[in-house]
Amino acid sequence: MTLSEKQRKFTVMVGELIRCASQMEYGLTFSWAYRDEEAQKRMVATGLSKTMQSKHLERLAVDFNLFIGGVYQTKKEAYEPLGVYWKSLDPQNRWGGDFQSLGDGNHFEYGG
Ligand SMILES: [Zn+2]
């Protein structure tokens, strides 16, 4: 699969994730999706990311802000049902809540 094909597949799956969240009456807003190299360097410099290998640079990752009952959620546990659903969509999908380093519950990526 070419990178462009992976990006398009990722985008469709993000649509399914948004629909799932909506059906659970979860509210989502976008945080980061694509990041260019300069943005990623700033993230690493400020400790918000630990890698220049981020899937955000490849347009294969998205971060969401989650609201439940109108309340913004900061704990990764709140995102877990979405993480479980995300991983069910494709064996190459990874949820940031499983990452040991940052515990990035709002991060969803396609590893393919
Ligand atoms: Zn992210």
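What comes next concerns the included structure. (Residues numbered from 1 in each chain as written. Predicted model: local features only at pLDDT ≥ 70, side-chain atom pairs only at ≥ 80, totals over all residues. Heavy atoms only, no water.)

Our focus in this paragraph is the overall build of the protein. When its secondary structure is counted, the protein shows three helices and five strands. Each helix and strand of the protein, ordered N terminal to C terminal, gives the series α-β-α-β-β-α-β-β. Its C-alpha radius of gyration of 14 Å places the protein within 12% of the 13 Å reference for a compact globule of 112 residues. Expressed along its principal axes, the backbone C-alpha trace of the protein runs to roughly 35 × 35 × 20 Å. Among the 112 residues that make up the protein, the fraction classed as buried is 37%. Long-range pairs, those at least 24 residues apart, make up 58% of the contacts in the protein with a sequence separation of at least 6. Total accessible area computed for the protein in this model is approximately 6600 Å², and 52% of it derives from carbon and sulfur atoms. (Helix = DSSP H or I, 4+ residues; strand = E, 2+ residues; numbered from the N terminus. Rg over C-alpha atoms; globule rule 2.2 N^0.38 Å. Buried < 20%, exposed > 50% of the residue type's maximum accessible area, 1.4 Å probe, protein only. Contact = heavy atoms within 4.5 Å. Areas by Shrake-Rupley, 256 points an atom, 1.4 Å probe, with all protein chains shown as cover.)

Under the 1.5 Å per step criterion, the end-to-end length of helix α1 (residues 3–23) is 30 Å for 21 residues, consistent within 8% with the ideal 30 Å. Turning to α1, its buried residues are Q7, F10, M13, V14, L17, C20 and A21. Along α1, the residues classed as buried sweep out an arc of 130 degrees about the axis, all on the same side. Seen from the open side of α1, the exposed residues pointing more than 90 degrees away from its buried face are R8, T11, V12, R19 and Q23. Phi turns positive, to about 60 degrees, at E25, one or two residues after α1. (Expected span 1.5 Å × (residues − 1). Arc of directions from axis to C-beta.)

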